[in-house]
Amino acid sequence: MAVNDTQPLISHLIELRKRLMYSLVSVLVVFLALVYFSNDIYQLVSAPLLDKLPQGSNMSATDVASTFLTPIKLTIMVSVFASVPVILYQVWAFIAPALYKHERRLMLPLLVSSTVLFYLGMAFAYFVVFPLAFGFFVNTTPEGVNFIPDISKYLSFVMTLFMAFGAAFEVPIAIILLCWSGVTTPDALKKKRPYILVGAFVVGMVLTPPDVFSQTLLAIPMYLLFEIGVMVSRFYVGKGRREDEDTEAEAEQQK
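The name an unreviewed UniProt entry assigns to the chain is Sec-independent protein translocase protein TatC, from the organism Proteus faecis. The heading Function (unreviewed entry) in the UniProt record of the chain holds the text "Part of the twin-arginine translocation (Tat) system that transports large folded proteins containing a characteristic twin-arginine motif in their signal peptide across membranes. Together with TatB, TatC is part of a receptor directly interacting with Tat signal peptides."

Next up, the structure:
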């Protein structure tokens, strides 16, 4: 490989390293700002379960260091979630130079929308799914069994749901990108609605804990978001096609 051929690759790697460093620094800054409040953050996250526990009941800590490590782990995860806008901006800054002007105009709203949808998915899990699911679990506890959740296992449970619902709410973005790139079309997706509905429940089984309640609460919003994605993708496909034709026309005129 010639020396000149390696220059673009090296410059891309340097740029990628810079964007990764900015992302890591943003997470670190947020973590340092929040670590003092780690116990308060855990109290906030555990509130949906604590509100459903019987009067006088509390959560438990079975590991010696879990009372310290679990809130710290949660704070790290919260720092990553809070830094998502910065991380996505770094992704945008890395790929934007390789895009045409009209592609940048179409991609930027997608990046903003993906951030908003991710946070909406987490909010839906916290305000809707958690109260319903924890109330269901507490009310179905067999007689003679004390329902005393462990704080570390609770953290693992809620983080799984946060990530599952955050990712599930990205379905419209995925649909738009698939249609925009030509992998599929809105009309083809409409014909596959029954399979999409079954697939939503399959994804719900994979991403959520093994209970029908959580799976259904994830599958139904996923399918509704699929329908939204199909509708919006028509706009993107039509506008993208017009922009491509305009770009080709300008290129022909320049020749």
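Looking now at the environment of Val202. Considering the arrangement of structural elements, one finds Val202 in helix H9 (residues 193-207). Taking the C-alpha atoms as reference points, Val202 and Ala219, 17 residues apart in sequence, are found 8.1 Å from one another.

What follows deals with the environment of Phe134. Within the element layout of this structure, Phe134 appears in helix H5 (residues 101-139). Judged by its relative accessible area of 3%, Phe134 is buried. Measuring from C-alpha to C-alpha, the distance between Phe134 and Asp51 comes to 9.0 Å, with 83 residues separating the pair along the chain.

Moving on, we come to the UniProt feature "transmembrane region" (unreviewed entry) in the chain. Here, UniProt's "transmembrane region" (unreviewed entry) annotation points to residues 20-38, 74-95, 116-137, 157-183, 195-212 and 218-237. Along residues 74-95 the backbone is 95% helical and 0% strand, and the end-to-end C-alpha distance reaches 31 Å. As annotated, residues 116-137 comprises 100% helix and 0% strand, and the C-alpha atoms at either end are separated by 30 Å.

With their axes 9 Å apart at the nearest point, helix H3 (residues 66-82) and helix H6 (residues 151-168) run at an angle of 15 degrees to one another. Classed by the angle they form, the pair H3 and H6 counts as roughly parallel. The two elements H3 and H6 meet at a crossing, and its hand is left-handed. On H6, the residues that touch Ser66, Thr67, Thr70, Lys73, Leu74, Met77 and Phe81 of H3 are Ile151, Ser152, Leu155, Met159 and Met163.

For the rest of this paragraph, the subject is the environment of Met21. Inspection of the secondary structure assignment puts Met21 in helix H1 (residues 3-34). Each C-alpha atom, one on Met21 and one on Gln90, is 9.7 Å from the other, the two residues being 69 residues apart in sequence.

Right, let's talk about the packing of aromatic side chains for a bit. The tally for this structure, following the rule as stated, stands at 15 aromatic pairs. Taking the centre distance of 6.3 Å and the plane angle of 70 degrees together, the rings of Tyr42 and Tyr154 count as edge-to-face. Of this pair, Tyr42 sits in helix H2 (residues 38-50) while Tyr154 sits in helix H6; the two residues are 112 residues apart in sequence, bridging distant segments of the chain. Judged by centre distance (5.6 Å) and plane angle (45 degrees), the rings of Phe134 and Tyr154 are tilted. Taken as a pair, Phe134 in helix H5 and Tyr154 in helix H6 lie far apart in primary sequence, 20 residues in all. Of the residues examined, Tyr154 reaches a relative accessible area of 4% and is grouped as buried.

Let's shift gears to the pattern of salt bridges. Applying the stated criterion across every chain yields a total of 3 salt bridges. As a salt-bridge pair, Glu15 and Lys18 come within 3.4 Å of each other at their nearest N and O atoms. Of this pair, Glu15 and Lys18 both sit in helix H1, 3 residues apart, which is roughly one turn of that helix. Here Glu227 and Arg193 are joined by a salt bridge, their closest N and O atoms 2.7 Å apart. Taken together, the positions of Glu227 in helix H10 (residues 212-254) and Arg193 in helix H9 put the pair 34 residues apart, joining distant regions of the chain. Given a relative accessible area of 18%, Glu227 falls into the buried group. In the salt-bridge network here, residues are joined through shared partners; they are Glu15, Lys18 and Arg19.

Conventions we followed
- Residues numbered from 1 in each chain as written.
- Predicted model: local features only at pLDDT ≥ 70, side-chain atom pairs only at ≥ 80, totals over all residues.
- Heavy atoms only, no water.
- UniProt positions renumbered as here; feature names shortened; annotations may be inferred.
- Helix = DSSP H or I, 4+ residues; strand = E, 2+ residues; numbered from the N terminus.
- Buried < 20%, exposed > 50% of the residue type's maximum accessible area, 1.4 Å probe, protein only.
- Axes fitted to C-alpha atoms, helices over the stretch in contact; angles between N-to-C directions.
- Parallel < 35°, antiparallel > 145°, perpendicular 65-115°, else oblique.
- Left-handed = near helix turned anticlockwise from the far one by under 90°.
- Contact = heavy atoms within 4.5 Å.
- Phe/Tyr/Trp six-rings, centres within 6.5 Å; stacked < 30°, edge-to-face > 60°.
- Salt bridge = Lys/Arg side-chain N within 4 Å of Asp/Glu carboxyl O.

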